[in-house]
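# Reading the structure
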Amino acid sequence: MRRVAVVTGASAGVGRAVVREFARRGYDVGLIARGEEGLQGAAAEVAALGRRATYVITDVADGEAVERAAARIEEVLGPIDVWTNVAFSNVFAEFKDLTMAEYRRITEVTYLGYVHGTMAALGRMLPRNRGVIVQVGSALAYRSIPLQSAYCGAKSAIRGFTDSLRSELIHDGSAVRVAMAILPAVNTPQFSWCRSKLPRKAQPVPPIFQPEVIARGIVWLAMHPRRELRIGWSTLKALFGQIVAPGLLDRLLAKSGYSGQQYDGSVDPHKPDNLESPLPGDWGAHGAFDTRARSHSTQLWFATHPYWPLAAITGVVLLASLGRKALR
């Protein structure tokens, strides 16, 4: 039986890695993004893995365009089983340095883009009473950091509307599932293409993970839907800190949150960015931090193999018990 997954933001970064992982797991993949060269590259990778792909050039801030893209994908590939919202935009800057147009654009892409994708998916899944929607979230939805106020606000909004929707689906007895992946810092091209008003180059807050690590978690979540999948010990630490001492984190981030998001020399003030339109070229999944990014997450392994630790502990207890009996 064919399975169909849709990925927004499919041309690069986490979305690009998720496209490949879905294809490896036997899915045909519908690709949604703005950059045609990246979409073509992603479609070629899906074909190389023996699966079908179709792409629709779409700005997810346009709800009608997202609906048309969903209709086109089902026309070509068939009924959508999984919809994964990944696409976002960002500007690295203090709030006081952002314009209203920039703030609105980030919100329309990063927050409303998820709303548009979710609406398009639900419109098809609810009548069939099956399907999974995966929202690719962030630890920043729980613990905001300086210099990314619009992005943090959008990620928090995604979590809020997703929680509300999930309760509605449970109330209605729907078999459609909505899940959220909570991400750590990831080595993607966004730090090269996002608009920045910082004095130095933008970087993800370490520890940094390769996008393939994240993709494995997201596709696992799509195939084993649960409320949330939190990826990386750093994500767990951020969430725990926000519960235990949010005021202390405010002060710590005021001191370290600026330097932790910047590196190397000054930014070229004329550097092009992708806020309003895509940059040319196929950017792929990885950013500029390959030498510093981790290719494995022990925490993710435990999260996606929940019975193995229990089995190991049980085995140790049994062996210890047998050992004590043997010594008697």
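Above this text you will find the structure in question.
### Some thoughts on the overall build of the protein
A count of helical and extended segments in the protein gives 12 helices and 14 strands. For 328 residues, the compact-globule formula gives about 20 Å, and the C-alpha radius of gyration of the protein, at 21 Å, lands near that figure. For the protein, the C-alpha atoms occupy an extent of roughly 80 × 50 × 40 Å along the three principal directions. Within the span of the protein, comprising 328 residues, buried residues form 51% of the whole. By sequence separation, contacts in the protein at least 24 residues apart represent 77% of the contacts at least 6 residues apart.

### Description of the packing of aromatic side chains
The geometry of an aromatic ring pair comes down to the distance between the two centres and the angle between the two planes. Inspection of every chain in the model, using the stated rule, returns nine aromatic pairs. Judged by centre distance (5.0 Å) and plane angle (70°), the ring pair of Phe22 and Tyr27 falls under edge-to-face. On the accessibility criterion, Phe22 (0% relative accessible area) is buried. Assessed through its relative accessible area of 4%, Tyr27 is described here as buried. An aromatic cluster is built from Phe92, Phe191, Tyr263 and Phe289, whose rings are joined through pairwise contacts.

### Describing the sheet that holds strand E11 (residues 208–209)
One open sheet holds the three strands; their spatial order is E8-E11-E14, and the pairing between them is parallel. Among the strands making up the open sheet, the edge pair consists of strand E8 (185–186) and strand E14 (293–294).

### Overview of the sheet that holds strand E6 (residues 132–138)
In spatial order, the strands read E3-E2-E1-E4-E6-E7-E12; together these seven strands make up an open sheet with parallel pairing. Unpaired on one side and paired on the other, strand E3 (53–57) and strand E12 (228–230) mark the two borders of the sheet. Strand after strand, the sheet turns through a mean of 15° between neighbouring axes, direction not considered. In this structure, strand E1 (residues 3–8) lies alongside strand E4 (residues 82–85), joined through three bridges in parallel fashion. What sits directly across from Ala5, in E4, is Val82.

### Some remarks on the pairing of E1
Burial analysis of E1 places five of its six residues in the buried class, the great majority of the element. Each parallel crossover has a hand, and the one from E1 via helix H1 (residues 13–24) to strand E2 (residues 27–33) is right-handed.

### Quick notes on the pattern of salt bridges
Working definition: two side chains of opposite charge can pair if their charged atoms are close together. Summed over the entire model, instances satisfying the criterion amount to 24 salt bridges. The partner of Glu21 in a salt bridge is Arg24, and the shortest N-O contact between them spans 3.4 Å. Placement of both Glu21 and Arg24 in helix H1 is noted, with a separation of three residues, approximately one turn of the helix. Arg51 serves as the salt-bridge partner of Asp28, at 3.3 Å between the closest nitrogen and oxygen. Here Asp28 is found in strand E2, whereas its partner Arg51 is found in the loop between helix H2 (36–48) and E3, with 23 residues between them in sequence. A relative accessible area of 0% places Asp28 in the buried class. Among the charged side chains, a salt-bridge network with shared partners connects Arg16, Arg20, Glu45, Glu212 and Asp282.

### A few points about the environment of Gly41
Secondary-structure assignment places Gly41 in helix H2. Judged by its relative accessible area of 15%, Gly41 is buried. C-alpha of Gly41 to C-alpha of Arg16: the two residues are 25 residues apart in sequence and 9.2 Å apart in space. Ignoring anything within four residues of it in the chain, the contact list for Gly41 reads Arg16 and Asp282.

### Quick notes on a nonpolar patch on the surface
On the surface, Trp233, Trp301 and Phe302 cluster together into a nonpolar patch covering about 320 Å² of accessible area. Mapped onto the elements, Trp233 comes out in helix H9 (residues 233–244).

### Focus: unusual backbone geometry
The amide bond that connects Pro206 to the next residue, Pro207, takes the cis arrangement and shows omega of 5°. With respect to the element layout, Pro207 can be found in the loop between strand E10 (200–202) and E11. Of note, Leu147 is a non-glycine position whose phi angle comes to about 75°, a positive value. Among the structural elements, Leu147 can be located in the loop between E6 and helix H6 (149–172). Even without a glycine there, the phi angle at Asp264 is positive, about 55°.

### With respect to the packing of helix H4 (residues 100–110) against helix H5 (residues 112–128)
H5 packs onto H4 with a crossing angle of 25° between their chain directions and a minimal axis gap of 3 Å. The angle between the axes of H4 and H5 places the two elements in the roughly parallel class. For the pair H4 and H5, contact is made by Thr107, Glu108, Val109 and Thr110 and by Leu112, Gly113 and Tyr114, respectively. The class makeup of the residues in the contact of H4 with H5 is three nonpolar, three polar and one charged.

### Thoughts on the layout of surface pockets
The calculated volume of the second largest pocket comes to roughly 180 Å³. Lining the second largest pocket we find Arg25, Val213, Arg216, Gly217, Trp220, His296, Ser297, Leu300, Trp301, Thr304 and His305. Those elements that provide at least two residues to the lining of the second largest pocket are helix H8 (211–223) and helix H11 (298–304). With four residues, H8 is the largest single contributor of residues to the lining of the second largest pocket. Across the lining of the second largest pocket, the residue classes tally to four nonpolar, five polar and two charged.

Scoring rules and cut-offs
Residues numbered from 1 in each chain as written. Predicted model: local features only at pLDDT ≥ 70, side-chain atom pairs only at ≥ 80, totals over all residues. Heavy atoms only, no water. Helix = DSSP H or I, 4+ residues; strand = E, 2+ residues; numbered from the N terminus. Rg over C-alpha atoms; globule rule 2.2 N^0.38 Å. Buried < 20%, exposed > 50% of the residue type's maximum accessible area, 1.4 Å probe, protein only. Contact = heavy atoms within 4.5 Å. Phe/Tyr/Trp six-rings, centres within 6.5 Å; stacked < 30°, edge-to-face > 60°. Pairing = 2+ DSSP bridges. Axes fitted to C-alpha atoms, helices over the stretch in contact; angles between N-to-C directions. Right-handed = clockwise from strand over helix to strand, strands pointing away. Salt bridge = Lys/Arg side-chain N within 4 Å of Asp/Glu carboxyl O. Patch = residues over 30% accessible without salt bridge, like charges linked within 9 Å, V, L, I, M, F, W, Y side chains within 5 Å. Areas by Shrake-Rupley, 256 points an atom, 1.4 Å probe, with all protein chains shown as cover. Parallel < 35°, antiparallel > 145°, perpendicular 65-115°, else oblique. Nonpolar A, V, L, I, M, F, W, Y, C, P; charged D, E, K, R; others polar. 1 Å grid on protein atoms, 1.4 Å probe; cavity = no way out; pocket = protein on both sides within 12 Å on 5 of 7 lines; lining within 4 Å. Points joined across faces, edges and corners; volume = space filled by probe spheres on them.

Don't take any of this as a statement about function, it's just geometry.
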